Every structure is written in C-alpha cells, then in structure tokens.
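Chain residues, written in single-letter form:
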Amino acid sequence: MRPWMRFAIKLLLLAAVVGVLTLRFPDRVDAVLDGMRLVSGGQIAAIVAIGLLSQVLYAVRWRALLDEPAADVPPLSTFIRYTLVSQMIGLAAPGGAQILVQGLMTRSEGSGGAEPWLALGAERLISLATNPVVAGVALLLLPSSMRWLGLGVLAAGALAIGLLLVAHRGVAWAGRALPERIVDLAGAVGPRIRRPGVVVPAALGHVALGVLFVIIFVPGSEMLAGDVMGVALLTAWAGLLPSLFGLGPAQAAQVVLLVRIGGDPSIVAAQALVIWGLSVVAAVAAGAVAWLVGPRPSAEEPS
C-alpha cells in the first residue's frame, strides 16, 4: 500500500472516530471543547517548546549511538534535522517506520555500521527502561499520595536497566536457542547503555515531558504534581500500541489514570487532546521546515 493511501486511511479513521463521538456523546464533546478553551497561551507555548526540546534531546542520543570516531560523525544539526523529518514521516506511516527512516538516514551519512537499526532499536529499549526510573523518582520526591507506587516503579526501572546491562551475557549463555536478531540487539544494547550521551538525554527527555504534564494538568485541579508526573509518564508504554497520528492508547490511558487520581474527566480529556494536537502540528511544521531548508545533493558537473 502506498504511503499516501495509508495517510488517507488514517485520516478517514480519525474523522470517523471524531464523528461517532460527536453524534453519540454531544454533551461530553461540548464539555471537552469548553475544557480546551481553558488552556492558556503559556501552556500552549510550553507544549511546543518542550516538544521541540524532546526532539533535540533525541537527536543528541541518536548521535551518541554511533560507533564511529567523533571526527567521522555528522554534526548535531544534521541529526536534529533527521529527527524532525523522521518524526513527521512516522506520524503518517505504520508503526516502526520512524526507526526505518532514521536507519536509512544514518546509512546515507555512512554512519551507524552495517545495521544502524540495531543501534536505534537499542536506544528505544534504553528509553523505555529509563522511563519508570524518572516516574518513580517523581512519585518519591514531588508531592504525591502514591509513594508506595514510586518505590515499586523505581525498582522495576532499576531492574530493567540492570537486565539491559547484562543482556549480552544472557544471550551469549543461551547460544543458538535465540533468534539472531535478538542476539544482535542485545549486543547493541550493552555498550550503549553505558554511554552518558545516550542515557542522560533519555532521562532528561522524560523529565521534560513530565514537567509538561505538571504544567498542563495540575493548575486548577486537586491533583498532586508527583502523582501527575509519575502516572502520566508511565502511560508512554501504552504508546507502543497502534495509534492514529499518535492519538490512541497513550492518551486514553492518561485520561483514565488522571481521572482516577482526581482529575475532571472533561478537562483532562481536553488537555490531553490539546497536547496531542499541538504536538502533531509542531512536529509536522518543524519536519517540513527541516526538510525544505536541509542540504540537497548537488547535480554532477558536466564532463
């Protein structure tokens, strides 16, 4: 199926979902729209700024994934451009397409070795492992009514990082019992999780996103900052499931869990939709600009 057809199908599905909700629950839709009007200009600016900051941090750790000598690695500005473009493409393409695009871009620069996708896959695992660590710290250090959850989440994150640190030894012990791709991925994770240039930006990205959730969801509510940051960060795991332009399980999990800790359903839903909508608009706009202003291959001179 052609990319434009996938894009059109996703757009139609999203329109159908919005249409069904509008017809079936008009009162709730009106309440959500009223909640959107409560989002301030400062909060809108925070969504866009932190969204772009997250992409810069991703570019930093993408560059740190590569095994080439520093002199052979393209400048950070190249990776920022590639990150913005690949995210724009990933919104319309099926799951995993962003990693595929990033791998192709890395290869186009002559970097990343024979399998740049293994390095990028390793980065995703490292990012997922650092997520519960940041969420657990937030639940423990910020005002929270669920410090018990913080201890459990922090322990789970520490265990995940520990497993990634020794993953290459585990697959070596298992030998031929595991698929070759899993063995290769485990071998790619081990060295990279020890690199500060990969782990630190991954953690800072989660911190930035958690701060955004506090800025958006806490003002005017009875929810505590630690509860919001911890719970909302953990919903990123739901983002591994299929979605429509990034809208789907992650936002649904956010709304459900934030309502459970005291959020108003209509307002929380409105705020989650605003975060998603502005993030998509910012990603498309930044990706389009990055694509247009980026370098182009020069035509060969006639001989």
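Structure: above.
To start, this report covers the structure provided alongside it. Just so it is clear, the structure is predicted and the values come from calculations on it, not from any experiment. (Residues numbered from 1 in each chain as written. Predicted model: local features only at pLDDT ≥ 70, side-chain atom pairs only at ≥ 80, totals over all residues. Heavy atoms only, no water.)

### Points about helix 7 (residues 147–165)
Point 1. In this model helix 7 runs 27 Å from its N-terminal to its C-terminal C-alpha over 19 residues, within 8% of the 27 Å that 1.5 Å per residue would give.
Point 2. Among the residues of helix 7, Gly150, Val153, Gly157 and Leu164 are the ones counted as buried. Considered in projection along helix 7, the buried side chains sweep an arc of 75° and stay on one side of the axis. Exposed residues on helix 7 whose side chains face more than 90 degrees from its buried face are Trp148, Leu151, Leu159 and Leu163. (Helix = DSSP H or I, 4+ residues; strand = E, 2+ residues; numbered from the N terminus. Expected span 1.5 Å × (residues − 1). Buried < 20%, exposed > 50% of the residue type's maximum accessible area, 1.4 Å probe, protein only. Arc of directions from axis to C-beta.)

### Quick word on the packing of aromatic side chains
Centre distance and the angle of the planes are the two values used to describe a pair of aromatic rings.
Point 1. Under the criterion given, the structure shown has four aromatic pairs.
Point 2. Pairing Trp62 with Tyr82 gives two aromatic rings, centres 6.3 Å apart and planes at 40°, and the pair type is tilted. One end of the pair, Trp62, is in helix 3 (residues 41–65); the other, Tyr82, is in helix 4 (residues 76–92), with 20 residues separating them in the sequence. Each member of the pair, Trp62 as well as Tyr82, is classed as buried. (Phe/Tyr/Trp six-rings, centres within 6.5 Å; stacked < 30°, edge-to-face > 60°.)

### So, the packing of helix 3 against helix 10 (residues 196–217)
Point 1. In contact at an axis separation of 8 Å, helix 3 and helix 10 are set at 170° when each is read in the N-to-C sense. By the criterion of interaxial angle, the relationship of helix 3 to helix 10 is roughly antiparallel. Side by side, helix 3 and helix 10 meet where Gln43, Ala46, Ile47, Ile50, Leu53, Ser54, Leu57, Val60, Arg61, Ala64 and Leu65 of the first sit next to Gly197, Val198, Pro201, Ala202, Leu204, Gly205, Ala208, Leu209, Leu212, Ile215 and Ile216 of the second.
Point 2. Across the contact of helix 3 with helix 10, the residue classes break down as 17 nonpolar, four polar and one charged. (Axes fitted to C-alpha atoms, helices over the stretch in contact; angles between N-to-C directions. Parallel < 35°, antiparallel > 145°, perpendicular 65-115°, else oblique. Contact = heavy atoms within 4.5 Å. Nonpolar A, V, L, I, M, F, W, Y, C, P; charged D, E, K, R; others polar.)

### Digging into the environment of Ile215
Point 1. Considering the arrangement of structural elements, one finds Ile215 in helix 10.
Point 2. Classification of Ile215 as partly exposed rests on a relative accessible area of 32%.
Point 3. With 10 residues separating them in the primary sequence, Ile215 and Ala225 have C-alpha atoms 8.9 Å apart.
Point 4. If sequence neighbours within four positions are ignored, Ile215 has contacts with Gln43, Ala46 and Ile50.

### What to know about the side chain of Thr83
Point 1. Mapped onto the secondary structure, Thr83 falls in helix 4.
Point 2. Note on Thr83: relative accessible area 0%, which makes it buried.
Point 3. Within the structure, the side chain of Thr83 is placed 2.7 Å from the backbone oxygen of Phe79, a separation counted as a polar contact. (Polar contact = N/O pair within 3.5 Å; in protein donor to acceptor, adjacent residues only side chain to side chain.)

### Details of the environment of Ile80
Point 1. Mapped onto the secondary structure, Ile80 falls in helix 4.
Point 2. Taking the C-alpha atoms as reference points, Ile80 and Val60, 20 residues apart in sequence, are found 7.9 Å from one another.
Point 3. Non-local contacts of Ile80, meaning those with residues more than four positions away in its chain, are made with Val56 and Ala59.

### Describing the packing of helix 10 against helix 11 (residues 225–234)
Point 1. Between helix 10 and helix 11, the least distance of the axes is 9 Å, while the angle of their chain directions is 125°. In terms of axis orientation, helix 10 runs oblique to helix 11. Every pair of crossing elements has a handedness; the one defined by helix 10 and helix 11 is right-handed. Here His206, Val207, Leu209, Gly210, Val211, Phe213, Val214 and Phe217 of helix 10 lie close against helix 11, whose contacting residues are Ala225, Val228, Met229, Ala232 and Leu233.
Point 2. Of the residues that constitute the contact of helix 10 with helix 11, the class distribution is 11 nonpolar, two polar and no charged. (Left-handed = near helix turned anticlockwise from the far one by under 90°.)

### Side note on helix 12 (residues 249–260)
Point 1. Compared with an ideal rise of 1.5 Å per residue, which puts 12 residues at 16 Å, helix 12 spans 16 Å between its outermost C-alpha atoms and is within 8% of the ideal.
Point 2. If you check which residues of helix 12 are buried, you get Ala250, Gln251, Gln254, Val255 and Leu258. Down the axis of helix 12, the buried side of the element spans an arc of 135°, and every buried residue falls inside it. The exposed set on the far side of helix 12, more than 90 degrees from its buried face, consists of Val256 and Arg260.
Point 3. Looking at the buried positions of helix 12, the neighbouring elements they touch are helix 10, helix 11 and helix 13 (265–293).
Point 4. Where helix 12 terminates, the next one or two residues include Gly262, which has phi positive at roughly 115°.

### Looking at a nonpolar patch on the surface
Point 1. A cluster of nonpolar residues, Val289, Trp291, Leu292 and Val293, forms a patch on the protein surface that exposes about 450 Å² of accessible area.
Point 2. With respect to the helices and strands, Val289 occurs in helix 13. (Patch = residues over 30% accessible without salt bridge, like charges linked within 9 Å, V, L, I, M, F, W, Y side chains within 5 Å. Areas by Shrake-Rupley, 256 points an atom, 1.4 Å probe, with all protein chains shown as cover. Salt bridge = Lys/Arg side-chain N within 4 Å of Asp/Glu carboxyl O.)

### Quick notes on the nonpolar core
Point 1. Membership of the largest hydrophobic core comes to 30 residues, with the highest contact counts inside it found for Leu212, Phe213, Phe217, Val228 and Ile275.
Point 2. Listed by contribution, the elements that provide at least two residues to this core are helix 3, helix 6 (116–141), helix 10, helix 11, helix 12 and helix 13.
Point 3. If we skip the residues at most four places from it in the chain, Phe217 touches Met223, Val228, Gln254, Leu258, Val268, Gln271, Ala272 and Ile275.
Point 4. Counting residues in each nonpolar core, the second largest holds 17 residues, with Leu66, Ile126, Val189 and Val198 among its members. (Core = buried A, V, L, I, M, F, W, Y, C linked by side-chain atoms within 4.5 Å.)

Don't take any of this as a statement about function, it's just geometry.
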